[in-house]
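Breakdown of the fold
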Amino acid sequence: MAHQPPFSVRSRTEEENGSLACVRLLRRLPLGARGVQTTADTTQLHQAPSDASEPFTLKLHEDSFQTYNCPKPDLEVQVTKSELLEMYQQMTTMRRMEMAADALYKAKMIRGFCHLAIGQEAVSVGMEHGIEKDDRVITGYRCHPFAVLRGGSIKGVIAELLGRKGGMSQGKGGSMHIFTPSFFGGNGIVGAQVPVGAGAAFAQQYKGEKNCTFAMYGDGASNQGQVFEAYNMAKLWNLPTIFVCENNKYGMGTPAERSSSNTAYFTRGDKIPGLQVNGMDIIAAKQAVAYARKWAVDDQNGPLVLEFVTYRYGGHSMSDPGTTYRTREEVQRMRSTQDPIRGLQRYLEEWGVATEQELKAIDKEAKATVDAAVAEAKESPEPPVEDLWKDVYFKGTEPQFLRGREREEGKRFY
Amino acid sequence: MVSRLLLSRFAPALASARRPAAAVPRHAFMGIRRYATADTEQHTMTVREALNLAMEEEMTRDENVFIIGEEVARYNGAYKVTKGLMDKFGEKRVVDTPITEMGFAGIAVGAAFQGLRPICEFMTFNFAMQAIDQIVNSAGKTYYMSGGNVPCPVVFRGPNGAASGVGAQHSQDYAAWYGSVPGLKVVSPWSAEDCKGLLKAAIRDPNPVVFLENEMLYGGHVVGLLASYWQGQVEKEGSDITIVAHSKMVTHSMEAAEELAKEGIKAEVINLRSIRPLDIDTIIKSVKKTNRLMIVEGGFPISSRARQFDYLDAPVERVTGADVPTPYATNLEALAFPDTPLITKVAKRALYRTN
């Protein structure tokens, strides 16, 4: 398949002028300086791998990163074959899961809100490969892949979307409220998760833990006042917080340039340095996350702002077709030229890590895994009526009585 | 009973502290350890001291407890409630913040998710409106939405309701606002006993607790009966009318009860103490006895809590703040909140008396 880079590189003079945008954008793409290049397949192999666990070196494209007051991450990245295959398998599985959710929503089995991350897989999978198990992640409502990757399960996420007892929140939270011990959701109020993430980092620092927290938000949320309040306190107190802006160019129906006077989100931390990353290239994504973690935990430099330039193929949510504020051509072009999974596929085939047949087998297995999880989730019953009253308060600290809708309804605890 | 369990857990700590003797030595509940003071000397502390001591004891007991808020550390607290705590525990555990309520309330919630026990002070609850989303949505609802996976053991505390001469933007009573949110616990203590016991219980509680103090009570040696977390407290027994109040309004109601007593009216005053959960049983028990109910609070009328009971001889009398933003002029401000003469007058009305 043709993977033509959609950008031409500007002249040297323009680069020397210090312009943030080192590449010219094609006409149809939204304006407003994305400095990094965003194809998924420009990484070069330096040494061919032999066996699955032997590390080999890749070199990222020099436009993979843009920096703001911090050194550029190393463009040379060490990976192993097995890790690359795992990344491919995870991205494919997450996409399948989101597509299954899409189908279930259209079949009216999922209700309410459902925000899918199709197209953005390199961010969640790349992050998981760049952090430690005991780091913390918090994000907004586009959270399903994170919930799985951070210790959850596909069946648990799907069952939660279906509102069943087997869901990770017992069917009580829904799409936007899924948690694991190292993942604080899944949050519904735009921007509120950012100070909460800084708070988790505060606790990590307080307890002397060698960990950090990735507090994620979108281009739409980036303008929230509380984000800047969190930036300020994180910098003031040197909190190990990585503020991660997942810039998919649209906040619901509003393109970034219509919402943000400064769309270089990685520079908006003021005194906090920042890094803009090609969010469609999983190797770059992983490298950026590893760099950020080292910045905050090993080097104790305090917070960092990370901006992933990425794209969602679907609308804002299942209620939004996603075509009233952007063209179908744009979506199609992104899908065909910048898809993170196809990009990784191209690497794997080019470098001899896997054949097309092997990758097709992984695809097939991913579909089977998701189908099985969906079937298992569908078997799960609705939560029992008693669960209405459960977990309003911490187990064992319930009040005497919780009133129902009228005086004959209610739950007496003691 | 859960309350007995809680009490037995912190009674030893209370016993070791400097503890005020009750003004009226009555047995209120079973299970409360009565303190044997052989002498008649009154050891009293102010409400402020009680709050300070509660925090100090809990911070000593559990190193995960910390205080965060504006001016709590080096300034010793805008109202001096956290006085001396920075000196004692250091700036790691008593954290001064910039003036960014939404941000630091969110940070407190995140720290609680991650296993610490923050005490988040708002200089007043008027400013907490900036942070109310974090209190209600991030703290209050997360345990339920997560199916019991993510508890949030945070305490939001600070002065609530009327102060004196501070105008409309600084005088609102939020008890009913927070009291309407399932998932939060909302406490509005009155006496020094209430404050010490309830703040310790709130800090140890694994739920998010909104702890509503009152600035005008801080300096007072307000003496009441020993606190039980869940239950309202009958501070004064009577048989003619039940007056239910919380926080500063309890002071006025007690004074009104004295006034009424001079005319032979025996009012029973219930210190609600906990807005959520609300101790309906104590109120019902009292109303069964008196058949008349009066509810006194500083909040706006539409939001005040009123209950219809089957045992009433007269309609429920609701005495509340006036339905206006608090005016600044002293004479007008006095007409915006209930006071002792007003409560006395209305109590008589419930008894069909015209004088």
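Residues numbered from 1 in each chain as written. Chains lettered and ligands numbered in written order. Predicted model: local features only at pLDDT ≥ 70, side-chain atom pairs only at ≥ 80, totals over all residues. Heavy atoms only, no water.

**A look at helix 4 (residues 101–113) of chain B**
To keep things clear, this is the line we draw: Secondary structure counts use DSSP, requiring at least four H or I residues in a row for a helix and at least two E residues in a row for a strand, with both numbered from the N terminus. For a helix, the expected span equals 1.5 Å multiplied by the residue count minus one. Burial here depends on accessible area, computed with a 1.4 Å probe over protein chains only, as a share of the maximum for the residue type. Under 20% is buried, over 50% is exposed, and the range in between is partly exposed.
Taking 1.5 Å of rise per residue, the 13 residues of helix 4 of chain B would be expected to cover 18 Å, and the 18 Å separating its terminal C-alpha atoms lies within 8% of that figure. In terms of residue burial, helix 4 of chain B counts as a mostly covered element, since 13 of its 13 residues are buried.

**What to know about the UniProt feature "domain: Transketolase-like pyrimidine-binding" (unreviewed entry) in chain B**
This is how the line gets drawn: UniProt positions are given in the numbering used here, feature names are shortened, and annotations may be inferred rather than shown by experiment.
Those residues carrying the UniProt feature "domain: Transketolase-like pyrimidine-binding" (unreviewed entry) are residues 45–220 of chain B in this numbering. Secondary structure content for residues 45–220 of chain B is 36% helix and 15% strand, while the C-alpha to C-alpha distance between its ends is 8 Å.

**A word on the sheet that holds strand 8 (residues 241–245) of chain B**
Residue and element names in this part refer to chain B. So the rule is basically this: A pair of strands is considered paired only if DSSP assigns at least 2 bridges between the two. Interaxial angle, 0 to 180 degrees, is taken between N-to-C directions of lines fitted to C-alpha atoms, where a helix line uses only the stretch in contact. Throughout, a contact is declared for two residues whenever any of their heavy atoms are within 4.5 Å.
Pairing in this open sheet of five strands is mixed, and the strands run 7-9-8-11-12 from one edge to the other. Looking at strand neighbours, the two that pair on one side only are strand 7 (233–236) and strand 12 (317–319), the edges of this open sheet. Across the sheet, the mean angle from the axis of one strand to that of its neighbour is 25°, orientation sign disregarded. Sheet topology note: the strand 8/strand 9 (residues 267–271) ladder contains five bridges and is parallel. Considered in strand 9, the bridge of Val 244 is made with Ile 270. Across the face of the sheet, helix 9 (residues 248–262) comes into contact with strand 7, strand 8, strand 9 and strand 11 (293–296) while running at roughly 170° to strand 9.

**Considerations on the packing of helix 9 of chain B against helix 12 (residues 340–350) of chain B**
Residue and element names in this part refer to chain B. Formally: In these notes the angle categories are as follows: under 35 degrees is roughly parallel, over 145 is roughly antiparallel, 65 to 115 is roughly perpendicular, and the rest is oblique. For any pair of crossing helices, the crossing counts as left-handed if the nearer helix is rotated counterclockwise from the farther one by less than a right angle, and right-handed if it is rotated clockwise. The classification used treats Ala, Val, Leu, Ile, Met, Phe, Trp, Tyr, Cys and Pro as nonpolar, Asp, Glu, Lys and Arg as charged, and all other residues, Gly among them, as polar.
Their axes nearest at 8 Å, the elements helix 9 and helix 12 cross at an angle of 55°. For the element pair helix 9 / helix 12, the angle class is oblique. Between helix 9 and helix 12 lies a crossing of right-handed hand. Contact residues: helix 9 offers His 252, Ser 253, Glu 255, Ala 256, Glu 259 and Leu 260, while helix 12 offers Thr 340, Ile 343, Thr 344, Ala 347 and Lys 348. Taken together, the residues that form the contact of helix 9 with helix 12 break down as four nonpolar, four polar and three charged.

**Notes on the domain arrangement of chain A**
The test is simple: The source of the domain bounds is an automatic or database domain assignment.
Domain annotation for chain A reports domain 1 (56–383) and domain 2 (387–414). Here the C-alpha centre of domain 2 of chain A lies 37 Å away from the C-alpha centre of domain 1 of chain A.

**A look at the interface of chain A and chain B**
Quick note on the threshold: Buried area: the accessible surface (1.4 Å probe) lost by two parts on joining, summed over both. Take a side-chain nitrogen of Lys or Arg and a carboxyl oxygen of Asp or Glu: if they are within 4 Å of each other, that pair is a salt bridge.
Taken together, the contact pairs 44 residues of chain A with 52 residues of chain B. Both faces combined, the contact of chain A with chain B buries some 3900 Å², and carbon together with sulfur accounts for 65% of it. If you sort the residues of chain A by the area they bury against chain B, A:Tyr206, A:Tyr393 and A:Phe394 come out on top, with a joint share of 19%. Where chain A touches chain B, the interface holds zero salt bridges. Elements with a minimum of two residues in the side of chain A that touches chain B: helix 6 (193–206) and helix 7 (225–236) of chain A. Top contributing element to the side of chain A that touches chain B by residue count: helix 6 of chain A, with nine residues.

**Here's the deal with the packing of aromatic side chains**
Any aromatic ring pair is given by two values, namely how distant the centres are and how the planes are angled relative to each other. Definition in use: Under the pairing criterion, centres of Phe, Tyr and Trp rings, with the six-membered ring standing for Trp, must be within 6.5 Å; the plane angle then separates stacked pairs below 30 degrees from edge-to-face pairs above 60, leaving the rest tilted. Geometrically, a charge over a ring is one whose NZ (Lys) or CZ (Arg) sits within 6 Å of the ring centre while staying within 35 degrees of the ring normal.
A full pass over the atoms with the stated rule returns 21 aromatic pairs over all chains. Taking 5.4 Å as the distance between ring centres and 50° as the angle between the ring planes, the aromatic pair formed by A:Tyr250 and A:Tyr325 counts as tilted. Of this pair, A:Tyr250 sits in strand 10 (residues 250–251) while A:Tyr325 is found in the loop between strand 13 (304–309) and helix 10 (328–337), placing the two residues 75 residues apart along the sequence. With a relative accessible area of 5%, A:Tyr250 lands in the buried category. When its relative accessible area of 17% is taken as the criterion, A:Tyr325 is described as buried. Aromatic side chains A:Tyr347 and A:Trp351 sit 4.5 Å apart centroid to centroid with 5° between the ring planes, which places their arrangement in the stacked category. Here A:Trp351 falls in the buried class, since its relative accessible area comes to 9%. An aromatic cluster is present here, built from B:Phe104, B:Phe122, B:Phe125, B:Phe156, B:Tyr174, B:Trp177 and B:Tyr178 joined pairwise through their rings. Sitting over the face of the ring of A:Tyr250, A:Arg326 holds its NZ or CZ atom 5.5 Å from the ring centroid.

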